Amino acid sequence: ERWLIVGCQVPAVLLLYNLQSVQLQHALQLPEDMFGISQVHLLPDSTSAAVLTVDGCISFLDTQSGAITGQLQLTFPGCRASSFSTDPRANSMAVVCSDGLLRVYDLSVVRAKQQGLWQTQPVQKLQQSQLQQLPAGTGSLASRQGTTNSCSIGDGSRKHQQQVLSEVQNMPLKQPKVQQKAKPAAAAARQAPGPLHIKPLHAAFAGLQHRKLQEILMVYGEFPARYRSLIWEYLLHLPHNSTAFTLLQNKGMHAAFKNIHQQLCLLGSRSTLAVRLQSCLSQLAHWCPLFGEVGFLPRFTFPFVKLFGTMMETTFEVAATLLLNWCKGWFELFPNAPLPLLRRFLLMLAHHDQELGSHLQSLGLPLLQQLWEQLSGALSDLLPSQQDWLVLWDHCLAAPAGPCFMYKLLASYLIRQRRLLLAVRDEQQLTQLFESRPAVDIQQLVQQAYKLQETTPHYAVVGSITLTPLPSVPAGSASYPAFNEYPVGSIELQEMQRRRIQEAEDALIRRRQVTTTYIDVCS
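Residues numbered from 1 in each chain as written. Predicted model: local features only at pLDDT ≥ 70, side-chain atom pairs only at ≥ 80, totals over all residues. Heavy atoms only, no water.

**Student:** I'd love a proper account of the pattern of salt bridges, names of residues and values included.
**Tutor:** Two side chains with opposite charge may pair up if their charged atoms get near one another. Going through the model one piece at a time under the given rule, you end up with eight salt bridges. Of the charged contacts in the structure, one is a salt bridge between E373 and R299, with a shortest N-O distance of 3.7 Å. A residue pair is termed long-range when its members are at least 10 positions apart, and E373 in helix α13 (residues 365-376) and R299 in helix α9 (residues 297-308) qualify at 74 residues. Exposure remark for R299: the relative accessible area of 23% places this residue in the partly exposed category. Linking E355 and R418 is a salt bridge whose minimum nitrogen-to-oxygen distance equals 2.7 Å. (Salt bridge = Lys/Arg side-chain N within 4 Å of Asp/Glu carboxyl O. Helix = DSSP H or I, 4+ residues; strand = E, 2+ residues; numbered from the N terminus. Buried < 20%, exposed > 50% of the residue type's maximum accessible area, 1.4 Å probe, protein only.)

**Student:** Please give an account of the confidence of the model for the chain that cites residues and values.
**Tutor:** Chain-level statistics for the chain give a pLDDT mean of 79 and a share of 79% at 70 or above. The lowest-confidence element of the chain is helix α3 (residues 185-190), averaging 41 in pLDDT; the highest-confidence one is helix α15 (residues 405-416), averaging 95. This model gives residues 138-144 a pLDDT under 50, and the stretch forms 34 contacts once residues within four places in sequence are excluded. A low-confidence stretch, residues 146-198 (pLDDT under 50), is modelled with 111 contacts involving residues beyond four sequence positions or located in other chains. (pLDDT = per-residue confidence, 0-100. Contact = heavy atoms within 4.5 Å.)

**Student:** Describe the nonpolar core, with residues and values.
**Tutor:** Counting residues in each nonpolar core, the largest one holds 102 residues, and the members touching the most others are L284, W287, F291, W330, F331, F345 and W393. Ranked by residue count, the leading element in this core is α15, at nine residues. With sequence-adjacent residues up to four places away left out, F345 is seen in contact with L371, Y407, L410, A411, L414 and V462. (Core = buried A, V, L, I, M, F, W, Y, C linked by side-chain atoms within 4.5 Å.)

**Student:** Give me the lowdown on α13, citing residues and values where you can.
**Tutor:** Over its 12 residues, α13 extends 16 Å from the first C-alpha to the last, a length consistent with the 16 Å expected when each residue adds 1.5 Å. The set of residues buried in α13 consists of L367, L368, Q370, L371, W372, Q374, L375 and S376. Along its buried surface, α13 packs onto α9, α11 (339-352), α12 (354-362), α15 and α17 (427-436). Looking one or two residues beyond α13, the residue adopting positive phi is A378, at roughly 60°. (Expected span 1.5 Å × (residues − 1).)

This is the structure in structure tokens:
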């Protein structure tokens, strides 16, 4: 689960949102003796939160059950907490104090001394309808988000100076006190909170955030591994249509992917990865019959299933978005490979490197088959390591050029293997070259792809230049919007052939069972 926690000043209220459903889970109204919230931090277990109130007190709350599990109060005269931060596992807490000192607390000591000394204090849970009855002046102050993992933080603390690990001396920061005038009753009435709504991100602001991510990517060469899945979700504008996804999920396993673990040599039909892949493929096939017959779909989807893990809804929507955009034009000649698109790619390559392009065109169909093999595997067979593949797709998703940048990356790879490719004379050598996965500097490959993008004329562009996100569906809608950019007659023929093969296999199994039974009886 993913949660977003929002702290409000007056009155002191915590709002807990579920980011999967983008809905308010509930609100927690803190006791009257706890003043407005100035900072809130969701701890790694995503069920506990550390809250700093304006009186300088740090409290620990269980956001699910609605209870104060502990409290950290400074034991130094006239000292109060101004802000705090925890390490990623919440083993230590650094507190900036009003006396100019930074105190670091060992939370394991805090928890040990907390046991048996603090009585859990319940707080009032509020639903969205009850928030309308709160007094005027409710304002959002701070928010934090987090994800569930195996780490947990349980309790708060009492007043023990031994809990301090270190102090950092600093000059006290004196801020002038600003007296705020009381607002007229009419103005307060106008600010009374109504029902909560999550507004969609403004288009200009979303574009700004996209540019910031691109700048980060160009500076560091890749996105942080810890936030990669979140960034990919944002770049793809996933709608998180939970109702429609649940309906697809409830349809169960699709017949086309019954033995998918055998195709990819996974560890058993009930291994976690095999089950997740089977589930994602089945949902795609239930959504659109085409994807039940696409032979390369398991290879294309597998790396993304492995990356997103237990987030099944996200995995499905990522795969669907990629198929609609990065795979645009792949299904027009189904079940055949998109040969016109591949030949256009070779023309683009010849524009940048005429000698290499002409040589590859002379190899004919075997070369086109190898290109299709790499594209239909989401370029995962090109690179020797998964980390290089992740970096490649960081740029593939964030590039300003849009989905067509994937073809620039493939062209860049071929140009960087120029010497080896020019030495290829037949199909066997070509196959051996691609299977050997020659080493390549991923950052140099990406930089060359950007140069190709700048110098590619519009008429030579391959693929889509704009991203069309998976559209949101109305609440309670029965399904995702239909996808029908494929020859329907070919799919019907494929389904008939698959059913005929399945019936023949079932008949063969029955005959074997009858033969085995007959032999047992005779013996």
